[in-house]
Structures are given as C-alpha cells and as structure tokens.
Amino acid sequence: MKIIHCADLHLDSKMTTHLSGEQLRRRRAELLHTFTRMADYAAEQDVRAILICGDLFDSKNISAQAVNTVYETIRRHPGIVFFYLTGNHEEGAFVDALPSVPENLKIFGSEWTAYRLGTVLIEGTNHFTEVPQASNVKEVPVPLKEEATDKKAASAEAPVFAAKCFGNQEHLKEASTEAPAFVNFRDPDESAEERGNDDSESAGAEKTIRVDTFRIVALHGQLTEYGGADPETLNLQLLRNRGIDYLALGHIHAYKKGALEPRGIWCYPGALEGRGFDECGEHGFVLLDIDEASGNCSDTFIPFASRNLWELSVEIGGAASTIEIIEKMEAVIAAAEKIRAEDMVRVVLTGRIDVCAEKNMTQILTHFRDRFELFQLRDETSLDVNYLSFEHDASLKGELVRLLQKDPVLSEDEKAEIVRCGLQALSGEEFEF
Ligand SMILES: [Mn+2]
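Everything quoted here is computed from the prediction, not taken from an experiment. (Residues numbered from 1 in each chain as written. Predicted model: local features only at pLDDT ≥ 70, side-chain atom pairs only at ≥ 80, totals over all residues.)

**Student:** What is the right way to look at the sheet that holds strand β17 (residues 297-303) in this model?
**Tutor:** Backbone-to-backbone hydrogen bonds pair the strands of a sheet. The strands run either parallel or antiparallel. What the six strands build is an open sheet, ordered β4-β3-β2-β1-β16-β17; its pairing is mixed. Edge positions in the sheet fall to β4 (105-108) and β17, since each of these pairs with one other strand and no more. Taken pair by pair, the neighbouring strands of this sheet meet at an average axis angle of 20°, ignoring direction. Where strand β1 (residues 2-6) meets strand β16 (residues 284-290), four bridges bridge the pair, whose relative direction is antiparallel. Looking across to β16, one finds that His5 is bridged to Val286. (Pairing = 2+ DSSP bridges. Helix = DSSP H or I, 4+ residues; strand = E, 2+ residues; numbered from the N terminus. Axes fitted to C-alpha atoms, helices over the stretch in contact; angles between N-to-C directions.)

This is the structure:
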C-alpha cells in the first residue's frame, strides 16, 4: 500500500521573500496548484492515502480559494483517503469552513484517534501527551483504485463522471458504519507465548493488534530528547518502544529522518514548497510503500515543489572588476546542478576586495536577473585599503585617504567605505552605496 506523507503546506502564506504583488499572487496560486498536483500524482501512482501532518494552512484566516481548492480536490479523489492532522496554525478553522466533511477526509484533533486502513493503522493527535495503551480504532475501508481510464470515459459521458466524483461513495458509507474494533497495543519485545495467553484473555469484543499491522503515528511538533513545557515539543522517550513503525511528523520545514527504536523511523517531510530563503533546497513529500504481507516499508523523498529557493555564497576575494566577479558567480551557479530556471536564487558575495576594485552591483544584477524567477544579490564583502599606496599620493585622493586613516572615531570598515565612495566620486564615476 502506498501512502504519501506531507506536512507544512502553509497555503495562503504571505511568504517571506521579497516578491512583487504579481509574483506573490502567482506564488500563492502555485502552492494551491502543488496540492492538487500531489493528489493527481497520488491517483496516478495508486496511492491509497495522503497523510497531512499539520500546517495545511498558514493561519486560521483561510481564503475561500484555499478552502475550495482543498475541499474540491479531496472530493474529486474518492480513491484516496486524506488524513489531516490539524496543526498549530489552523485550529480547526478549515473543518468549520467546510460545507460538509467528505467521506474520504479523516481528521486528527486534540483527542488521540486511530484509523485502520487495511493492515495499516494510522493514529495521531494534535495534542500529544503520551501514546495510549489502548485506543478505539475506526475502520476506514480501503478505497477502490481510481481507474485512469475513468477520466477518458468521464469526458465522454459526463453523468458517469459526476456520479463517481460527487458522492457515489456507497462502499465507504457501508463499511464505516461497522462497530469500531478495540485494539490493545503491546510491547513488541513480548514473547509469542505471552502474546498467546493474552489473546485468550482478551477474546471477545476486544481483538489484539496483529503483528503484521504497520503502525503509523502522526504528530506535529519539535522532536526532543527530554520534552519540555511547550506543547509543541514531542518527547522522544515517550515514543520509543511503542511499536511505532513510522512516526509521521510535521513542523520542521526541511526533510529529516532518524531511527525510532526498536524497529521504526521518524520523519519530517519538510514544507511542500519553500516560502523564503530560510527554506532553501528541494521540497516535496515522502512516499511510503508498505508491503502488507511482510510489513516491510520503503520511504522515499519525492522532490515535488514547483520552485525551490537557493542561497549561494560566492567568495570573490581579490576580484578587481565586475566582469571578474560575474565570472566567479557563474562558476558557482554552474556547479549547483539542482538549480532550475524557475527557481528563486539569492547570491551572497563574500571575501575581502580592494577599495580600488571596480564592482558594480547593478551590472551584476542585470547580468543574472532574467535567468531565474527571482534573483537577489547581497553584498557581504569587506574592503581592504592599501594605505601605503596612498602615502606619497599628492592628489586630492591621497589627501582624503591619509585624512581618513588618522580619524580616531571611525571604524576600519567605515573608513574603507568612505574611501571607496570618495575615490569613485573624485574619479568622476557613479558610485553605489
Ligand atoms: Mn509549519
């Protein structure tokens, strides 16, 4: 069974990059578009469930555009169950905004909830205190595969499409009226003998968790070794040795995973799209492929963002001209193979350059501006002044440099900057602050 694990979509985000009004509108639309693309990808790849581990929206003020997009996307994919862990930003505002909760949308709220999808158990809460020993399990029927050929048939016969996509979900309704099964969780280290005894004791209305059940737990917060007072911290000690196969997390905006004793892993898929230069690199989701017979699971990070952000540091120490600086930048950009034309790039210039070096930021910007969706340039170089070379300079320039050198108040960096502007002005050149 394939399951997508994503988190931190932050739909309706205000973004933290310096985008123009038009770029910002387009970027917001892209975030929504990526959500629908992900659902389409899931249908194509025969994914049975999409697990959204919090921060689907950026704030509790959700736009109609975002609510409708998510709602309609879920309804148009009855073959996929959407599990949604309400995060710390949205506070259930989405559910309240819905005209109705689609059959294939399952919510994790403040109470610990467990859903069973085939042999996969998906549990979670947005208010984690501990993993409960036992929990009521809501059975979720594994939806029928969305037939790829249906779409072709649907375009020819509109009524069929409408029935399939809007509410003909009798198979879901039927099964979900079944009485929930009661499940006891057990220590995975327990011997088979103990297990056997226990089974006979708990026979009847209770049924014991099957060994071949793949257990996913969905939580939102910062994983820590010892926990803390902040409700957003998740104490690892309370999550180890609980028979968790896959701890599906949200909150950290970069992909990250680690071991969860005794047999599982924890994983943050990262934000689905980066929103600022503090969220650089590839973004996407995690695709789980669980072999239901063996319980083996592969987890693969799938880059899926429509654009990524990259910050490149370019050392230009010793460069004497704008062209030379551009050349150094070109080399660094060429080496960053993952950067695409649709990406947003920020270059930070570093190193020490001579105060007499000819460096024109406008020219550098002009050179790179049209190559990427967004191009930003930051100058973090520092200036070197070779005071010796001005020692015997009888011109106004020499006078200025010697005067500044003796100044007791200005810092070395301030002196260098004034020297640079002064020299350029005296040479009759345009200068940039
Ligand atoms: Mn987040």
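Okay, back to it.
**Student:** Help me understand the nonpolar core in this model?
**Tutor:** Here is a general trend for soluble globular proteins: nonpolar side chains tend to be buried in one another's company. Core analysis: the largest hydrophobic core is formed by 67 residues, its most contacted members being Ile50, Leu51, Ile52, Phe83, Ala218 and Leu247. Ignoring anything within four residues of it in the chain, the contact list for Phe83 reads Ala49, Leu51, Ile52, Lys106, Phe108, Tyr115, Ile122 and Ala218. Grouped together as the second largest cluster of nonpolar side chains are eleven residues, Leu309, Trp310, Ile316 and Ala319 included. (Core = buried A, V, L, I, M, F, W, Y, C linked by C-beta atoms within 7 Å. Buried ≥ 20, exposed ≤ 12 C-beta atoms within 10 Å, placed from the backbone. Contact = placed C-beta atoms within 7 Å.)

**Student:** Would you mind going over the sheet that holds strand β19 (residues 344-350) with me for this structure?
**Tutor:** One open sheet accounts for three strands, arranged β18-β19-β21; its pairing is parallel. Looking at strand neighbours, the two that pair on one side only are β18 (309-315) and β21 (374-379), the edges of this open sheet. Neighbour to neighbour, the strand axes of the sheet diverge by 20° on average, direction disregarded. Strand direction decides the pairing type here: β19 and β21, joined by six bridges, are parallel. Bridge assignment links Val348 to a residue of β21, and that residue is Arg378.

**Student:** Would you mind going over the packing of helix α1 (residues 21-44) against helix α2 (residues 64-75) with me for this structure?
**Tutor:** The relative placement of two packed helices is expressed as an angle between their axes plus a distance between the axes. At their nearest, the axes of α1 and α2 sit 10 Å apart, and the two run at 5° to each other. Judged by the angle between their axes, α1 and α2 are roughly parallel. For the pair formed by α1 and α2, the contact residues are Leu32, Phe35, Thr36 and Ala39 on the first element and Gln65, Ala66, Thr69, Val70 and Thr73 on the second. Among the residues forming the contact of α1 with α2, the class breakdown is five nonpolar, four polar and no charged. (Parallel < 35°, antiparallel > 145°, perpendicular 65-115°, else oblique. Nonpolar A, V, L, I, M, F, W, Y, C, P; charged D, E, K, R; others polar.)

**Student:** Whenever I open this one, the pairing of strand β3 (residues 81-85) confuses me. Can you help?
**Tutor:** Residues in a regular strand project their side chains so that they alternate between the two faces of the sheet. Among the five residues of β3, five are classified as buried, and the element is accordingly described as predominantly covered. Here β3 shows two buried faces, one formed by Val81, Phe83 and Leu85 and the other by Phe82 and Tyr84. The parallel pair strand β2 (residues 47-53) and β3 is bridged by α2, and the resulting crossover is right-handed. Across four bridges, β3 lies against β4 in parallel orientation. Note on β4: the bridge partner recorded for Phe83 is Lys106. (Right-handed = clockwise from strand over helix to strand, strands pointing away.)

**Student:** What is the right way to read unusual backbone geometry from this model?
**Tutor:** Trans is the prevailing form of peptide bonds, just as negative phi is the prevailing case for residues other than glycine. The omega torsion of the bond from Glu261 to Pro262 falls at 0°, within 30 degrees of zero and hence cis. Its identity as a non-glycine residue notwithstanding, Asp8 has a phi of 55°, on the positive side. Residue placement: Asp8 occurs in the loop between β1 and α1. Judged by local crowding, Asp8 falls into the buried class, with 29 C-beta atoms found within 10 Å. In the Ramachandran plot, Asp55 falls in the positive-phi region, its phi being about 55° despite a non-glycine side chain. Relative to the assigned elements, Asp55 resides in the loop between β2 and α2. Overall, the presence of 24 C-beta atoms within 10 Å leaves Asp55 in the buried class.

**Student:** Where do I start with the confidence of the model for the protein in this structure?
**Tutor:** Should the pLDDT be low somewhere, the predicted coordinates at that spot are not to be read in detail. Put simply, the protein has an average pLDDT of 83, and 83% of its residues get 70 or more. The least confident element of the protein, judged by mean pLDDT, is helix α5 (residues 158-165) at 26; the most confident is β1 at 98. (pLDDT = per-residue confidence, 0-100.)

**Student:** I tried to follow the packing of helix α10 (residues 396-406) against helix α11 (residues 412-426) on my own but got confused; where do I start?
**Tutor:** Following both chains from N to C, one finds α10 and α11 inclined at 170°, their axes separated by 10 Å at the closest point. One finds that α10 runs roughly antiparallel with respect to α11. Taking contact as the criterion, the partners of Leu396, Lys397, Leu400, Val401 and Leu404 in α10 are, on α11, Lys415, Ile418, Val419, Gly422, Leu423 and Leu426. Taken together, the residues of the contact of α10 with α11 break down into eight nonpolar, one polar and two charged.

**Student:** How should the environment of Ile339 be read in this particular structure?
**Tutor:** Along the chain, Ile339 falls in the loop between α8 (322-335) and β19. On the basis of neighbour counts, which here come to 18 C-beta atoms within 10 Å, the residue Ile339 falls in the partly exposed class. With 33 residues separating them in the primary sequence, Ile339 and Phe372 have C-alpha atoms 9.2 Å apart. When near neighbours in sequence (up to four residues on either side) are disregarded, Ile339 contacts Trp310, Ile333 and Val345.

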